[in-house]
Amino acid sequence: HYCREWDLHGIKMANKGPSYGLSREVQSKIDKKYDPELEERLVQWIIAQCGDSVGKPQPGKQGFQQWLKDGCILCELINSLCKDSKLVKKIQSSTMAFKQMEQISQFLGAAERYGVTKSDMFQTVDLWEGKDLAAVQMTLLSLGSLAVTKDDGCYRGDPSWFHKKSQENKREFTEEQLKEGQKVIGLQMGTNKGASQAGTTGYGRPRQILNN
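Residues numbered from 1 in each chain as written. Predicted model: local features only at pLDDT ≥ 70, side-chain atom pairs only at ≥ 80, totals over all residues. Heavy atoms only, no water.

Looking at the packing of aromatic side chains
Argument step 1. This model, assessed by the stated rule, comprises 5 aromatic pairs.
Argument step 2. Between Tyr155 and Phe162 the ring centres are 6.2 Å apart and the planes differ by 85°, which places this aromatic pair in the edge-to-face class.
Argument step 3. On the accessibility criterion, Tyr155 (16% relative accessible area) is buried.
Argument step 4. By relative accessible area, Phe162 is classed as buried at 5%.
Argument step 5. A connected cluster of aromatic rings, assembled from ring pairs, spans Trp45, Tyr155 and Phe162.
Argument step 6. Looking at Lys69, its charged tip hangs above the ring of Trp128, at a distance of 4.5 Å from the centre.
Argument step 7. We note Lys150 situated over the ring of Tyr114; from NZ or CZ to the ring centre the distance is 3.7 Å. (Phe/Tyr/Trp six-rings, centres within 6.5 Å; stacked < 30°, edge-to-face > 60°. Buried < 20%, exposed > 50% of the residue type's maximum accessible area, 1.4 Å probe, protein only. Lys NZ or Arg CZ within 6 Å of the ring centre and 35° of its normal.)

This is the structure in C-alpha cells:
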C-alpha cells in the first residue's frame, strides 16, 4: 500500500516539474515484487483454462502485460470458470485504449462477483499502464485459489498450482478466534454461543474449578 501511495505522490510531483527520480525509484521497488516464477505458473494456468487460442506471451513482465492488456484473455479466463451463465457477456477485442480499459474493468467486476476480495484486486491502470503488475499477479493468484477451492469441475490444470482458500482461512480464523474468543467470553460472561456449545453451566466457573 505504501508503494502505491508513494507512486501516486511521485506522479503528482512529476506533474509539477521535478522529481521524476522519485517516481522511477518507487516504480523499481514495485517491480521487484513481481515474481517471474509465478508469471510462468499463471501463464500455464491461463492457457490450460482458456485453450491454445490465447497464444503465449513473451517471457518477462512486459510480455505478460502486453498479453493481458486488452482485457480479452482475462474475460475469457473468468468466463471459463463459470458453469452456467458467463460473468462477462460481451468480449470484444479493440485497439482503442478506453475499450481495452473497459474490458479490464469488466473482468475486475466479474472477479469480484466470483469471490475475489477487494484487497486482492488490482486497479485497471496497474495492468493497462503497467503501474503494478505484481498486483495483477496477486489477483490472478487469488482467482486460481478460489477456482481450486470451489472444485466445481470448471478448473483446468494442475490443482497443486494454487493453495485452497478454505485451508488458509481456517488457520487464520482459528488463531483469531482464540484471541477474540477469550475477550468475548470475558466481556459477555459466557453468554455467547461458543461458551454454551462448550457445555459449561452458569458462567463457565465449573470448568475452571475442574481444571484446578
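Quick word on helix H5 (residues 72-80)
Argument step 1. With respect to burial, H5 is a largely interior element, 8 of its 9 residues being buried.
Argument step 2. All of the buried residues along H5 are Cys72, Ile73, Leu74, Cys75, Leu77, Ile78, Asn79 and Ser80.
Argument step 3. Turning to H5, the residues buried within the fold contact helix H3 (36-50), helix H4 (61-68), helix H6 (97-114), helix H7 (124-128) and helix H8 (133-150). (Helix = DSSP H or I, 4+ residues; strand = E, 2+ residues; numbered from the N terminus. Contact = heavy atoms within 4.5 Å.)

Structural notes on the packing of H4 against H8
To characterise two packed helices, one gives the angle between the axes of the helices and the distance between these axes.
Argument step 1. Interaxial distance between H4 and H8 falls to 11 Å at its minimum, and their mutual angle equals 60°. Comparing their axes, H8 and H4 come out oblique. Handedness of the crossing formed by H4 with H8: left-handed. Residues Lys61, Phe64, Gln65 and Leu68 of H4 form the contact with H8, whose own contacting residues are Leu133, Val136, Gln137 and Leu140.
Argument step 2. For the contact of H4 with H8, the residue count by class is 5 nonpolar, 2 polar and 1 charged. (Axes fitted to C-alpha atoms, helices over the stretch in contact; angles between N-to-C directions. Parallel < 35°, antiparallel > 145°, perpendicular 65-115°, else oblique. Left-handed = near helix turned anticlockwise from the far one by under 90°. Nonpolar A, V, L, I, M, F, W, Y, C, P; charged D, E, K, R; others polar.)

Overview of the confidence of the model for the chain
Argument step 1. The predicted model of the chain averages 77 in pLDDT, with 66% of residues at 70 or higher.
Argument step 2. For the chain, per-element mean pLDDT is lowest for helix H1 (residues 2-16), which scores 42, and highest for H5, which scores 97.
Argument step 3. Note on residues 167-173: pLDDT under 50 across the span, and 1 contact to partners over four residues away in sequence or across chains.
Argument step 4. With pLDDT under 50 throughout, residues 191-212 is counted as low confidence; its partners more than four residues away or in other chains account for 9 contacts. (pLDDT = per-residue confidence, 0-100.)

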